[in-house]
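Structural description and commentary
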Amino acid sequence: MNSTETLFNERMARLKKAIALEKPDRTPILLSGTFFLKYGNPQAKMVDFINRPDWADDMVINGYQKLAEVDAGGPPVLGRADATGAMWLSKTKIPGRELSDDTFWQIDEVGLMTEEDYDTILKIGWRKFLPDFLTTRLGYTSEQITPDPEFNKQQDEKFKSIGLVNLLDGIGGGIPYDALCSGRGLVKFNRDLYKKPDKIKAVLDVMVAEMVEDEIKFLRVKKPFCTVVVPCVRANCDFLSRKMFEKFGWPLFKKFTDVAIAEGVKVLFHMDARWDDFLDYFTDFPKGSCIFDPDSSTNIYKIKEVLGDRMCITGDVSPAMLTLGTPDDVYKYSRKLIEEIGPSGIILSSGCTVPCNAKPENVEALVAAAKG
């Protein structure tokens, strides 16, 4: 066994202990995001993800090698950066085109989905509806929206070549709800939830049935260590009542998660925005089978109170602190998390991802805190 394999196995063992709510040799670190491009090459710009994706990936790997104590990460771009909005049935503003070369790409929620589209999905299914909508109405090319297994394979190989665990692998869960909400537009979709709830529920059921089939195929072919089941934004308690969540949100989480657990895969809930009032639903899953990954909007101490004896928690240094704070701020807060949320059942992480403009010395302070 070479040194890289040994390092990979050490990191994997550390993560598995944390996920199993056991105490590892030290708190594991999960960091991902566009920060690593510039940490790997200070001359790089966001437009490089568009124009030079292979080179940009190599610079990200350089960044991880420089911050050598990080145990797990994930590709900063899921698919093609110039088609990021497609996941949410939205357009994408990209650096070098609508934006300056060093501006982060933006999802442009234009709300082009109509009420008639609900009937179309019920009639022909989600798989047939989606490509036509993305190309005809949003202007994406088939190349932009077609998954590239070879590129994804290369990313996996690059991660493993430096002994880094890719903890952010695979997508499901909250995507059907978020896709309809952003594709239709927040105001119009929320009105639809009240005016035609049964139709929305039927459309979500069609989407989920097809997406679960794809999830099972993905899990059986790739068998990832962990799958990001819920990159969810809109189904949270700032947007929905418990009654509405129980009808439109929770069944999505439940279905995707049960399937993944049945396939022997750990599940990571990547939870953007505020989920304080819905945390009790997630006690439904077996102990040690899931990870709750908040973006620093949900009260992490409430997560610990409700879910701490059920699942591992990532936490939770906010992008704002990593960008605007001091190394001392970051170090003290990171130690507080380790001591009060941990020392078992915690993976030290940023809230969501590490932004491209985070201060290197702040990210280094987070790593130093985990090392003790």
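Residues numbered from 1 in each chain as written. Predicted model: local features only at pLDDT ≥ 70, side-chain atom pairs only at ≥ 80, totals over all residues. Heavy atoms only, no water.

1. A word on the overall build of the chain
Note the threshold: The helix and strand labels rest on DSSP assignments: H or I over at least four residues marks a helix, E over at least two residues marks a strand, and numbering proceeds from the N terminus. Two things to know: the radius of gyration comes from C-alpha atoms, and the globule rule equals 2.2 Å times the number of residues to the power 0.38. Here the term buried applies to any residue with accessible area under 20% of the maximum for its type, exposed to any over 50%, and partly exposed to those in between, with areas from a 1.4 Å probe on protein chains only. It only takes one pair of heavy atoms within 4.5 Å for two residues to be counted as in contact. When charges are counted, Lys and Arg contribute as positive and Asp and Glu as negative, whereas His and the chain ends are disregarded. Working definition for charges: the position is that of NZ of Lys, CZ of Arg, CG of Asp or CD of Glu.
From N to C terminus, the chain includes 16 helices and 10 strands. Whereas a compact globule of 372 residues would reach a radius of gyration of roughly 21 Å, the chain reaches 20 Å, a difference of no more than 12%. When the backbone C-alpha atoms are referred to their principal axes, the chain occupies close to 55 × 45 × 40 Å. For the chain, the residues scored as buried account for 54% of the 372 residues in total. Restricting to contacts in the chain with at least 6 residues of sequence separation, those with at least 24 account for 73%. Once the 49 positive and 55 negative side-chain charges of the chain are each reduced to a mean point, those two points are 2 Å apart.

2. Brief notes about the pattern of salt bridges
Condition: Every case where a carboxyl oxygen of Asp or Glu lies within 4 Å of a side-chain nitrogen of Lys or Arg is listed as a salt bridge.
Within this structure, the stated rule accounts for 31 salt bridges. Salt-bridge contacts for Arg-127 lead to Asp-214; the nearest nitrogen and oxygen are separated by 3.2 Å. Of this pair, Arg-127 sits in helix 6 (residues 126–137) while Asp-214 sits in helix 11 (residues 197–222); the two residues are 87 residues apart in sequence, bridging distant segments of the chain. A salt bridge links Lys-254 to Asp-284, with the shortest nitrogen-to-oxygen separation between them at 2.4 Å.

3. A look at the environment of Lys-160
Tracing the backbone shows Lys-160 in helix 8 (residues 149–161). Lys-160 sits in the exposed class, given a relative accessible area of 51%. The spacing of Lys-160 and Phe-8 is 152 residues in sequence and 7.2 Å in space, taken between C-alpha atoms.

4. Considering the nonpolar core
What counts is decided by this rule: Only buried residues count toward a nonpolar core, which is a set of Ala, Val, Leu, Ile, Met, Phe, Trp, Tyr and Cys residues joined through side-chain atoms within 4.5 Å.
Core analysis: the largest hydrophobic core is formed by 97 residues, its most contacted members being Leu-31, Tyr-177, Phe-269, Trp-275, Phe-282 and Phe-292. For this core, the element with the highest residue contribution is helix 12 (residues 242–262), accounting for 9 residues. Counting 17 residues, the second largest nonpolar core, distinct from the first, contains Leu-15, Leu-30, Ala-72 and Leu-167.

5. A closer look at the environment of Val-212
Among the structural elements, Val-212 can be located in helix 11. C-alpha of Val-212 to C-alpha of Gly-111: the two residues are 101 residues apart in sequence and 25 Å apart in space. Once residues lying within four places of it in the same chain are set aside, the contact partners of Val-212 are Lys-255, Phe-256 and Val-259.

6. Topic: the pairing of strand 7 (residues 266–271)
The condition that has to hold: Strand pairing follows a simple DSSP-based rule, namely that at least 2 bridges must link the two strands.
Among the 6 residues in strand 7, 5 count as buried, and that is most of the element. Direction of pairing for strand 7 relative to strand 8 (residues 290–294): parallel, over a ladder of 5 bridges. Paired with Met-271 across the bridge in strand 8 is Pro-294.

7. Digging into the environment of Asp-272
Tracing the backbone through its elements, the reader meets Asp-272 in the loop between strand 7 and strand 8. A C-alpha to C-alpha distance of 27 Å links Asp-272 and Lys-371, two positions 99 residues apart in sequence. The contact partners of Asp-272, leaving out residues within four places of it in the chain, are Cys-232, Val-233, Asn-236, Asp-295 and Cys-352.

8. Here we look at helix 1 (residues 3–19)
Spelled out, the test is: Working rule for helices: expected span equals 1.5 Å times residues minus one. In this description, the arc belongs to the directions extending from the helix axis to the C-beta atoms.
The end-to-end C-alpha separation of helix 1 is 24 Å, in line with the 24 Å expected for 17 residues at 1.5 Å each. Those residues of helix 1 that fall on the buried side of the exposure criterion are Phe-8, Arg-11, Met-12, Arg-14, Leu-15, Ala-18 and Ile-19. All buried residues of helix 1 fall inside an arc of 160 degrees around its axis, so they share one side. Of the residues one or two after helix 1, Leu-21 is the one with positive phi, at around 65 degrees.

9. Section: the side chain of Gln-144
Within the secondary structure layout, Gln-144 lies in helix 7 (residues 142–145). Apart from the residues within four sequence positions on either side, Gln-144 is in contact with Arg-80, Asp-82, Ala-83 and Gly-139.

10. Remarks on the packing of aromatic side chains
Heads up, the condition is: Each Phe, Tyr or Trp ring, with Trp reduced to its six-membered ring, pairs with another whose centre is within 6.5 Å; inter-plane angles below 30 degrees give stacked pairs, above 60 give edge-to-face pairs, and intermediate values give tilted ones. Consider the ring centre and the ring normal. A charge sits over the ring if Lys NZ or Arg CZ is within 6 Å of that centre and within 35 degrees of that normal.
Applying the stated rule across the entire model yields 26 aromatic pairs. Among the aromatic residues, ring-to-ring pairing joins Phe-245, Trp-250, Phe-253, Phe-269, Trp-275, Phe-278, Tyr-281, Phe-282, Phe-285 and Phe-292 into one connected group. Just above the ring of Trp-55 sits the side chain of Arg-52; from NZ or CZ to the centre is 3.8 Å. We note Lys-160 situated over the ring of Phe-8; from NZ or CZ to the ring centre the distance is 4.7 Å.

11. A few points about helix 13 (residues 300–307)
Cut-off, in case you're wondering: Nitrogen and oxygen atoms within 3.5 Å of one another constitute a polar contact, given that in protein one can donate a hydrogen and the other can accept it, and given that sequence-neighbouring residues count only through two side-chain atoms.
Of all the positions in helix 13, only Ile-300, Ile-303 and Leu-307 are classed as buried. The buried residues of helix 13 occupy an angular sector of 50 degrees when projected down its axis, which confines them to one face. Turning to helix 13, the residues buried within the fold contact strand 8, strand 9 (312–317) and helix 15 (327–340). Capping of helix 13 at its N-terminal end is provided by Asn-299; its side-chain oxygen lies 2.8 Å from the backbone amide nitrogen of Tyr-301.

12. Quick word on the packing of helix 5 (residues 115–124) against helix 6
Going by this rule: For helices, the axis comes from a line fit to the C-alpha atoms of the stretch in contact; other axes are also lines fit to C-alpha atoms, and the angle between any two N-to-C directions lies between 0 and 180 degrees. The cut-offs work like this: below 35 degrees is roughly parallel, past 145 is roughly antiparallel, 65 to 115 is roughly perpendicular, and the gaps in between are oblique.
Packing of helix 5 against helix 6 leaves a shortest axis separation of 7 Å and a crossing angle of 135 degrees. Relative to helix 6, helix 5 is oriented oblique. Across from Asp-117, Thr-120, Ile-121 and Ile-124 in helix 5, the residues of helix 6 making contact are Trp-126, Lys-128, Phe-129, Phe-133 and Arg-137.

13. Focus on the pairing of strand 9
The condition is simple: The crossover handedness rule: strands pointing away from the viewer, path from first strand over the helix to second strand clockwise, crossover right-handed.
For strand 9, a buried count of 6 out of 6 residues is recorded, marking the element as mostly surrounded by other parts of the structure. Note that strand 8 and strand 9 share 2 bridges and pair parallel. Residue pairing in the sheet places Phe-292 in a bridge with Ile-313 of strand 9. As for the winding sense of the linkage, the β-α-β connection from strand 8 through helix 13 to strand 9 is right-handed. The pairing of strand 9 with strand 10 (residues 346–350) spans 5 bridges and is classified as parallel. Counted as the bridge partner of Val-317 is Ser-350 from strand 10.

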